[in-house]
Amino acid sequence: MSDSNHPNEIILSVEQAQTMWRDRRRYFKALKTFLKIENSYKRLHEKVANLAPEDRQHLLCKLHRRNAQLLYQLCETNGGMWIKCAQFLCSYPDILPNEYIAQFQHLHSNSHSLPFLHLEVVLVEEWGANWEHYFDWIEEEPVATTAIAQIHKAKLVNGPEVAVKIQLPDAQRCYQQDALQLKALAKILASRLPQFNLPEITNDLLYMTEQALDFTHEKENLEQFAQLPHMRQISTPKLFASWSTKRVLMTEWIAGETFTHYIRSSESDDLQQYLITLQESYLQQITQFGFYHTHLQPHHFLVSAERGIIYILDCVTMSHLSTAQRVSYHRLLFTIFTQDCKNLGSALNDAEFKDVNQELIEKLTKILSSNDENNSPYQLLHLLLRELNRHQVEVPESFRAIARVLLSLDSLIGQFNAPVVWQNVFSEAG
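Everything numeric here is computed off the predicted structure, so don't read it as measured data.

Trainee: What is the right way to read the overall build of the protein chain from this model?
Mentor: Each helix and strand counted, the protein chain has 17 helices and eleven strands in total. In summary, the protein chain has a C-alpha radius of gyration of 23 Å against a globular reference of 22 Å for 430 residues, a match within 12%. When each of the 430 residues of the protein chain is scored for burial, the buried share is 51%. Residue pairs at least 24 apart in sequence account for 69% of intrachain contacts in the protein chain once pairs closer than 6 positions are excluded. Within the structure as shown, the protein chain displays about 21800 Å² of accessible surface, and the carbon and sulfur contribution to it stands at 48%. Positive and negative side-chain charges in the protein chain, numbering 39 and 50 respectively, have mean positions lying 7 Å apart.

Here it is as structure tokens:
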């Protein structure tokens, strides 16, 4: 066993070690892929040291695309938590190059469904042996499949049509198995890829997955989120709380398209309006409610074109802000978006950014005042955060989470040239 002070030490129980050994092929395949990617970047940096910046960037983007494809293939092959990991990383635009995010977004629809017979075991355990008596019918073919659950359309006896989210029977076991691999890889590669802060990202992913595996968290979040005074065009499906358990969640059935599918099929005018609505909703969640989705992904939304409403489906990854955080972050975002150089320093201090001295404020002010008109307010936020990171400023993690959501939002609306609209929400919040 390694010295207990060694940063890469991995301490496993006998049972955990046996689990790792049984699944060693997937583990070593992942380790081999990560080391190959690391070596490719090392070789490139050595070769391009004397090239012009634009040439270096061109070659780096090509390598990003090649390595993103390698990781895509790894996650697709390993499945389960690996697909969820790639989806999760799409919410880190401040860390992950755009080439990776663009590639990983294709993994959302690659989960394979299980025969319904396997899921009935879960329904019997959660609802009892006579659960079928309460339904006119339930479709055995799922309408959606994720790494941990399947969603089936059904109809209650003398009741409405519903969506039933059922956890996969082996979801907990697969999570425990993949969690060991991810933790081990993060420790081994932490010193080799320090720019990615792999231990922190891995801990965030595992915490999010633990929350997702207990549907009562989603139930509680959905109940709270549905009570907020959302815009008219934003809603959530009605929850059937008495039917919802740790492994089953039931909501009303909403006829519509996932935002992912809608993006591919809609007319540009309608799409832009929905993107504006989505943008204003997230700004409202952050600046007015202090309760928002931490990980923004298109497959979390359902568009009902008939009603003109976006339904927010996934309430697993939610984040709370205290009143003080919400007020100070609102002020800081407003300062950045309006390029208010005079109040930037005090806004950073109010938001409890540590080690921000006068020299750094002057550098940040220069970035703020000389911003390219082509940059959106969110991209300006990204530039400031990058400078803060370069000076190793302690940025509150709660603000980093907000910034990741806004950068994901900017990436989504930027793909379709939708206008950036934030003034109305800030005016109401102010």
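Trainee: Explain helix α6 (residues 116–127) to me, please; I cannot follow it from the model alone.
Mentor: Residue pairs three or four apart in sequence face the same way in an α-helix, which turns once every 3.6 residues. For α6, built from twelve residues, the straight-helix expectation of 16 Å at 1.5 Å per residue is met to within 8% by its first-to-last C-alpha distance of 16 Å. Directly after α6, the chain includes glycine 128, whose backbone phi takes a positive value near 100 degrees.

Trainee: Please clarify how the packing of aromatic side chains should be interpreted in this entry.
Mentor: Aromatic rings in a pair are described by how distant their centres are and how their planes are angled relative to each other. In this structure the tally under the stated criterion is 21 aromatic pairs. Ring centres of phenylalanine 225 and phenylalanine 291 lie 6.0 Å apart, and the angle between their planes is 65 degrees; this geometry places the pair in the edge-to-face category. Note that phenylalanine 225 is positioned in helix α9 (residues 215–226) and phenylalanine 291 in strand β8 (residues 291–293), a separation of 66 residues in sequence. For phenylalanine 291, a relative accessible area of 2% gives the class buried. Through successive ring pairs, a cluster of aromatic residues spans Phe116, Trp127, Trp131, Tyr134, Phe135 and Trp243. A cation over a ring is seen here: lysine 238 above phenylalanine 240, with NZ or CZ 5.4 Å from the ring centre.

Trainee: For this particular structure, what's the right way to read the sheet that holds strand β5 (residues 234–235)?
Mentor: In a beta sheet, neighbouring strands pair by backbone hydrogen bonds and run either parallel or antiparallel. The strand order across the open sheet built from four strands is β5-β10-β9-β7, with neighbouring strands paired in mixed fashion. Strands with a single pairing partner mark the edges of an open sheet, and in this sheet they are β5 and β7 (257–258). In this sheet, strand β10 (residues 309–312) lies alongside strand β9 (residues 301–304) in antiparallel orientation, the contact comprising four bridges. Following the sheet pairing, serine 304 is matched in β10 by isoleucine 309.

Trainee: I tried to follow the pattern of salt bridges on my own but got confused; where do I start?
Mentor: Overall, the coordinates contain eleven salt bridges when judged by the stated rule. A salt bridge links arginine 247 to glutamate 125, with the nearest nitrogen and oxygen atoms 2.2 Å apart. Separated by 122 residues along the polypeptide, arginine 247 in the loop between β5 and β6 (248–252) and glutamate 125 in helix α6 bring together distant segments of the chain. As a salt-bridge pair, glutamate 397 and arginine 404 come within 2.9 Å of each other at their nearest N and O atoms. Judged by relative accessible area, arginine 404 falls into the buried class, the value being 7%. Salt bridges sharing partners connect three or more residues here, namely Glu125, Glu126 and Arg247.

So, how was this worked out
Residues numbered from 1 in each chain as written. Predicted model: local features only at pLDDT ≥ 70, side-chain atom pairs only at ≥ 80, totals over all residues. Heavy atoms only, no water. Helix = DSSP H or I, 4+ residues; strand = E, 2+ residues; numbered from the N terminus. Rg over C-alpha atoms; globule rule 2.2 N^0.38 Å. Buried < 20%, exposed > 50% of the residue type's maximum accessible area, 1.4 Å probe, protein only. Contact = heavy atoms within 4.5 Å. Areas by Shrake-Rupley, 256 points an atom, 1.4 Å probe, with all protein chains shown as cover. Lys, Arg positive; Asp, Glu negative; His and termini not counted. Charge placed at Lys NZ, Arg CZ, Asp CG, Glu CD. Expected span 1.5 Å × (residues − 1). Phe/Tyr/Trp six-rings, centres within 6.5 Å; stacked < 30°, edge-to-face > 60°. Lys NZ or Arg CZ within 6 Å of the ring centre and 35° of its normal. Pairing = 2+ DSSP bridges. Salt bridge = Lys/Arg side-chain N within 4 Å of Asp/Glu carboxyl O.

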